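# Structure assessment
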Amino acid sequence: MDYLSFKIGVMELNYGDAHFRRSDNGYVIKNMFVGNYIMDAFTTAPAFEALYRNKGILLMGAVTTGTLNPALVGYNSGSQIYTPYYIGKELAFYWKAGYDKQINDDLRIRTTLSGYHTSNNHFGSLYLGDRTGSRYYLVMNRVTENPDDVNPAKNHLSGNWGPGFTDRNNSFMLNMFTKFKGFEVFGTVEKVKGTSAFGGADFNFTQYALESLLRFGKDENFYGGIRYNYIKNNEDDSVGRIQIGQDGP
């Protein structure tokens, strides 16, 4: 097992590299900007991953049920029809290939390309698996004269945008990371195509993100940085976001 490792369980899916830098419930300290991407590829689900690493090269292949809340049967109260779900027919496959190398004491580089693919899932949750929220609670919420307008529990995802639950999903994410001494840059390009769950329409999203950080102090425990995040869909709707973060004396 010097080069190959296996991971199995109900766990955070290792699709892309952006999920390593996101906030998850109370574990926010590893996210320099506190908030996550506008289109947040994160879910926990039963999965099996096989990862090969040797001399900086990494290759991973994996399979998952692809849904946050696995179920055997669904029920439609309107039609009063039960629909059985067959896990074997709904499996999602994902992978990662890349290069990660500490070149010397000052320089590290990492580049990965990841894919996530499923052709049929009643409740694919890759883009709606975060149960704790976007960290932008109640920001720019619409006023509907309803008490829920100011209820964070009802609006915990108000800072997110994306395909939501999916039936068919083909996603690709390219990540690039460079760290030279205390300066680091992390970039993301993501492309997502598929169909929404419950017989929804086709979707097509493209997301870009770029962040730069300067870490300083004896153990680089202080930092300042900026992130730009932009996403658009096939209907020419778009959202842009700038985040600034700092931690220091």
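Bear in mind the structure is a predicted one, so any value in this text is a computation, not a measurement. (Residues numbered from 1 in each chain as written. Predicted model: local features only at pLDDT ≥ 70, side-chain atom pairs only at ≥ 80, totals over all residues. Heavy atoms only, no water.)

### A few points about the environment of Arg241
Inspection of the secondary structure assignment puts Arg241 in strand β12 (residues 238-247). Discounting residues that sit within four places of it in the chain, Arg241 has contacts with Asn36, Tyr37, Ile38, Tyr136, Gly159, Arg227, Tyr228 and Asn229. There is a polar contact of 3.3 Å between the side chain of Arg241 and the backbone oxygen of Asn36. From its side chain, Arg241 meets the backbone oxygen of Gly159 in a polar contact 2.5 Å long. (Helix = DSSP H or I, 4+ residues; strand = E, 2+ residues; numbered from the N terminus. Contact = heavy atoms within 4.5 Å. Polar contact = N/O pair within 3.5 Å; in protein donor to acceptor, adjacent residues only side chain to side chain.)

### Considerations on the layout of surface pockets
When its volume is computed, the largest pocket comes out at roughly 450 Å³. Considering the residues around the largest pocket, the lining is formed by 16 residues, among which Val139, Met140, Ser158, Gly159 and Arg241 are closest to the centre. Taken as a whole, the second largest pocket spans an internal volume of roughly 250 Å³. Tyr85, Asn121, His122, Phe123 and Phe198 are the residues nearest the centre of the second largest pocket, which is lined by 16 residues in total. (1 Å grid on protein atoms, 1.4 Å probe; cavity = no way out; pocket = protein on both sides within 12 Å on 5 of 7 lines; lining within 4 Å. Points joined across faces, edges and corners; volume = space filled by probe spheres on them.)

### With respect to a nonpolar patch on the surface
Together, Met1, Tyr3, Leu4, Phe6, Ile8, Phe48, Tyr52, Ile57, Leu59, Tyr99, Ile103 and Ile109 give the surface a local cluster of nonpolar side chains, amounting to about 1,200 Å² of exposed area. For the nonpolar patch, the secondary-structure elements that each account for two or more residues are β1 (4-12), β2 (44-54) and β3 (57-64). No other element matches the 3 residues that β1 contributes to the nonpolar patch. Its place among the elements puts Ile109 in strand β7 (residues 107-118). Judged by its relative accessible area of 30%, Ile109 is partly exposed. (Patch = residues over 30% accessible without salt bridge, like charges linked within 9 Å, V, L, I, M, F, W, Y side chains within 5 Å. Areas by Shrake-Rupley, 256 points an atom, 1.4 Å probe, with all protein chains shown as cover. Salt bridge = Lys/Arg side-chain N within 4 Å of Asp/Glu carboxyl O. Buried < 20%, exposed > 50% of the residue type's maximum accessible area, 1.4 Å probe, protein only.)

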